[in-house]
Amino acid sequence: MKTVQDYIRTIPDFPHEGIMFRDVTTLFGDARGFRIAIDQLLHPYAGQPIDKVVGLEARGFILGGAIAHQLSVGFVPIRKKGKLPGKTIEQAYKLEYGEAIMEVHDDALQAGEKVLLVDDLLATGGTAEAGIKLIERMGAEVVGCAFIIDLPDLGGRKKLEALDMNVHALCEFEGD
């Protein structure tokens, strides 16, 4: 029986030499693999009250939309700066080569809502941490952070767990 990890293609030296890129598009493109991933991502949260699913740009939109549909709840995108119309709030975060900014509509979440944060990959945790901060600034509560892939050597899980986040990942790959 295939696991989620079996559906993920590894592309060496992308986007830079020495990087092993974990390509989830092969997982998304396989109906059975995609179904397994969605089911396994939401399984730990079945029966918990969740009001919204928040997806981080861009592959988190694909996963988050499918999970929100399964849970019959709304979906909220957190995007890179400048991609959302209307009023937004923003959160800066560090990258290995500088800084970036994530945004969300200022009325996307209500105080007290329970939120599941979703993305494809947990590396350093910077993007997820920015998403958590945006969610919490609106008064909503993150009940969990779900990822397909964890790269534990980069420390993202430890960073999120230090923020008292429940972190769920379907598979791990060593290195970066």
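Below, the structure is looked at part by part. (Residues numbered from 1 in each chain as written. Predicted model: local features only at pLDDT ≥ 70, side-chain atom pairs only at ≥ 80, totals over all residues. Heavy atoms only, no water.)

As a further point, take helix H3 (residues 59–71). One full turn of an α-helix is made of 3.6 residues, so residues set three or four places apart face in the same direction. Between its terminal C-alpha atoms H3 stretches 19 Å, which fits the 18 Å expected from 13 residues at 1.5 Å a residue. Taken together, the buried positions of H3 are occupied by Gly60, Leu63, Gly64, Ala66, Ile67 and Ala68. As for H3, its buried residues are in contact with helix H1 (25–28), helix H2 (31–42), strand E3 (52–56), strand E4 (74–80), strand E7 (114–122) and strand E8 (141–150). Residue Ser72 follows H3 closely and has a positive phi angle near 55°. (Helix = DSSP H or I, 4+ residues; strand = E, 2+ residues; numbered from the N terminus. Expected span 1.5 Å × (residues − 1). Buried < 20%, exposed > 50% of the residue type's maximum accessible area, 1.4 Å probe, protein only. Contact = heavy atoms within 4.5 Å.)

Applying the stated criterion across every chain, the model contains 12 salt bridges. The salt bridge partner of Asp39 is Arg35, with a shortest N-O separation of 3.4 Å. Of this pair, Asp39 and Arg35 both sit in helix H2, four residues apart, roughly one helical turn. Salt-bridge contacts for Glu161 lead to Arg157; the nearest nitrogen and oxygen are separated by 3.4 Å. With Glu161 and Arg157 both in helix H5 (residues 156–162) and four residues apart, the pair spans about one turn of that helix. Judged by its relative accessible area of 38%, Glu161 is partly exposed. (Salt bridge = Lys/Arg side-chain N within 4 Å of Asp/Glu carboxyl O.)

Let's shift gears to the sheet that holds E7. If you trace the seven strands from one edge of the open sheet to the other, you get E5-E6-E4-E3-E7-E8-E9, paired in mixed fashion. With partners counted over all chains shown, the strands left at the sheet margins are strand E5 (88–95) and strand E9 (167–172), one partner each. In this sheet, adjacent strand axes meet at a mean angle of 20° when their direction is disregarded. Of the strand pairs in this sheet, E7 and E8 are connected by eight bridges, and their pairing is parallel. Looking at E8, one finds that Leu121 is bridged to Ile149. (Pairing = 2+ DSSP bridges. Axes fitted to C-alpha atoms, helices over the stretch in contact; angles between N-to-C directions.)

Now for unusual backbone geometry. Cis rather than trans, the peptide bond between Phe14 and Pro15 has omega equal to 0°. Counting through the fold element by element, Pro15 comes out in the loop between strand E1 (9–12) and strand E2 (20–23). Residue Ala58 is reached from Glu57 by a cis peptide bond, and omega for that bond is -5°. Tracing the backbone through its elements, the reader meets Ala58 in the loop between E3 and H3.

Throughout the structure, instances matching the rule amount to three aromatic pairs. Between the aromatic rings of Phe14 and Phe21, the centroid separation amounts to 5.2 Å while the plane-to-plane angle is 90°, which identifies the pairing as edge-to-face. Residue class for Phe14 comes out partly exposed when judged on its relative accessible area of 44%. A ring pair is formed by Phe28 and Phe34, whose centres lie 5.5 Å apart and whose planes are at 75°; its orientation type is edge-to-face. Classification of Phe28 by relative accessible area gives buried; the value is 17%. Accessibility expressed as a relative area gives 21% for Phe34, which makes it partly exposed. Lying over the aromatic face of Tyr7, Lys2 brings its terminal NZ or CZ to 4.3 Å of the ring centre. (Phe/Tyr/Trp six-rings, centres within 6.5 Å; stacked < 30°, edge-to-face > 60°. Lys NZ or Arg CZ within 6 Å of the ring centre and 35° of its normal.)

By themselves, these figures tell us nothing about what the structure is for.
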